[in-house]
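A closer look at the structure
Below, each chain spelled out in residue letters.
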Amino acid sequence: MKILVTGSSGLIGSEAVAHFDAHGHDVVGVDNNMRRVFFGAAGDTLWNLDRLKKATKRFKHAELDIRDRAGIDELFKAHKFELIVHCAAQPSHDKARDIPILDFEVNALGTINLLEATRQHCPEAVFVLFSTNKVYGDAPNEIPMKELPTRWEYARPEDYDGVDETCRIDQTLHSLFGASKAAADLVAQEYGRYFGMKVGVFRGGCLTGPSHSGVELHGFLSYLVKMGVTGGKYSVFGYKGKQVRDNIHSYDVVRAIEEFAAAPRPGEVYNLGGGRGNSISMLEAIAKIEELTGRKMDWKYVDENRKGDHICYISNLSKLKKHYPNWSITRGIDSILEEMTLAARIMAGVK
């Protein structure tokens, strides 16, 4: 296939590039290192682009901004894409507060630019949008909770598997990032349902892995591991440090793309995270990283939680598994943390 990956130097984009290249596909990657613009030097992804150029055979890089409608149109005219994997985004709900217009342009306008270019030039292609669980805003916080020694937990048995796709996305506090991604999410669904295009939407939980350029404002597990390895100071914001996230390895994310692309369902939405088995609280993650690094983490507690942040979020994967029974979680939380710790040691030059 001829495949387009946006955000190709990022975590999921780079995993997709490497995976599809290794399987013999021609991959064009679009990335203009906007992560550095958003987060400074710590967010720079050029190291990952260099890695991809050395490790791949058919990958071609295009330094292009997805807000550039004419540039995107020219790219689609030049290539007959059969699969579009749209990972590019402004990914931080805290950062969006400072750059609301840029956030909306990248997340919403950039998405419709790509969808319309697909409709005009390759309407039979499969289009996968990476959305976010932040489209649900803080509605998941209304689920009854109970406090355990190291984590918050769902109080009712019927909520054990987590949040499913029926959770409402309106009448809730999203953050501006959540709102811009919800706009992209809805317009992508519409291109699938209204135009009958092969569009799928994945609402990610905590997507993670060793290729993440994690920073304080985005990429919690990657940044936490980095601080544990280097000895940097980490701030835990609210909820007694017992807030829970489910984490999914970038490889398992790409496998979900692969399964959807093989049998697309126009306009469908799927929650995509690590599920119950890969859920972990901040306190639990710190303890595991301390065990892996052999050193105490330097962290402080900030009593005020981030605005609109989830107390406990676990992705219910039932719908995805039902529609695509060949897909499953293959990387557990312990192996994810071990791999990320090793990668962080190498990057930091720490033995």
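Residues numbered from 1 in each chain as written. Predicted model: local features only at pLDDT ≥ 70, side-chain atom pairs only at ≥ 80, totals over all residues. Heavy atoms only, no water.

**Structural notes on the overall build of the protein**
The criterion, for reference: Comment: elements are numbered from the N terminus, with helices defined as DSSP H or I runs of at least four residues and strands as E runs of at least two. Only C-alpha atoms enter the radius of gyration, while the globule expectation follows 2.2 Å times N to the 0.38, with N the number of residues. Throughout, exposure labels follow a simple rule: accessible area from a 1.4 Å probe, protein chains only, divided by the maximum for the residue type, with under 20% read as buried, over 50% as exposed, and the rest as partly exposed. Contacts between residues were defined by any pair of non-hydrogen atoms, one from each residue, lying within 4.5 Å. Under the convention used here, a 1.4 Å probe and the Shrake-Rupley method define accessible areas, while residue burial counts only the protein chains that appear. Lys and Arg are tallied as positive, Asp and Glu as negative. Neither His nor the chain termini are counted. Taken as the charge location is NZ of Lys, CZ of Arg, CG of Asp or CD of Glu.
Regarding its fold elements, the protein presents eleven helices and 15 strands. The globule rule puts the C-alpha radius of gyration for 351 residues at 20 Å, and the 19 Å found for the protein is close to it. Principal-axis analysis of the C-alpha atoms places the extent of the protein at approximately 55 × 45 × 40 Å. Looking at the 351 residues of the protein, the share that counts as buried comes to 60%. The contacts of the protein with a sequence gap of at least 6 include a subset with a gap of at least 24, amounting to 83%. Element-wise, carbon and sulfur atoms account for 52% of the exposed surface of the protein, whose accessible area totals about 14,600 Å². Between the mean site of the 45 positive side-chain charges and the mean site of the 46 negative ones, the protein shows a separation of 3 Å.

**With respect to the packing of helix α1 (residues 11–22) against helix α3 (residues 46–55)**
To keep it simple, the criterion reads: Only the contacting stretch of a helix is used when fitting its axis, a line to C-alpha atoms as for every element, and angles between N-to-C directions run 0 to 180 degrees. The cut-offs work like this: below 35 degrees is roughly parallel, past 145 is roughly antiparallel, 65 to 115 is roughly perpendicular, and the gaps in between are oblique. Side-chain classes follow a simple rule in which Ala, Val, Leu, Ile, Met, Phe, Trp, Tyr, Cys and Pro form the nonpolar group, Asp, Glu, Lys and Arg form the charged group, and the remainder, Gly included, forms the polar group.
Where α1 meets α3, the axes come as close as 11 Å, and the angle between the chain directions of the two elements is 0 degrees. Considering their axes alone, α1 and α3 lie roughly parallel with respect to each other. Contacts between α1 and α3 involve Ser14, Val17 and Ala18 from the first element and Asn48, Arg51 and Leu52 from the second. For the contact of α1 with α3, the per-class residue count stands at three nonpolar, two polar and one charged.

**A look at helix α6 (residues 176–193)**
The following threshold applies: How far a helix is expected to stretch is found by multiplying one less than its residue total by 1.5 Å.
Helix length check: α6, at 18 residues, gives a terminal C-alpha distance of 26 Å against a target of 26 Å (1.5 Å per residue), a fit within 8%. Along α6, the residues that are buried comprise Phe177, Gly178, Ser180, Lys181, Ala182, Ala184, Asp185, Val187, Ala188, Gln189, Tyr191 and Gly192. Lining the buried residues of α6 we find α5 (100–121), β5 (126–132), β8 (198–204) and β12 (268–272).

**Observations regarding the layout of surface pockets**
Filter applied, for reference: Using a grid of 1 Å spacing that covers the protein atoms alone, one calls a set of points a cavity when a 1.4 Å probe fits there but cannot get out, and a pocket when the set is open and has protein on both sides within 12 Å along at least five of seven lines; lining residues are those with an atom within 4 Å of a point. Grid points are joined across faces, edges and corners, and a volume is the space filled by probe spheres set on the points.
Within this model, the largest pocket holds a volume of roughly 260 Å³. In terms of lining, the largest pocket is formed by 17 residues, of which the most central are His212, Ser222, Lys226, Ala344 and Met347. Among the elements that take part in the lining of the largest pocket, helix α11 (residues 333–348) stands out by supplying five residues, more than any other. Its residues placed into classes, the lining of the largest pocket shows nine nonpolar, six polar and two charged.

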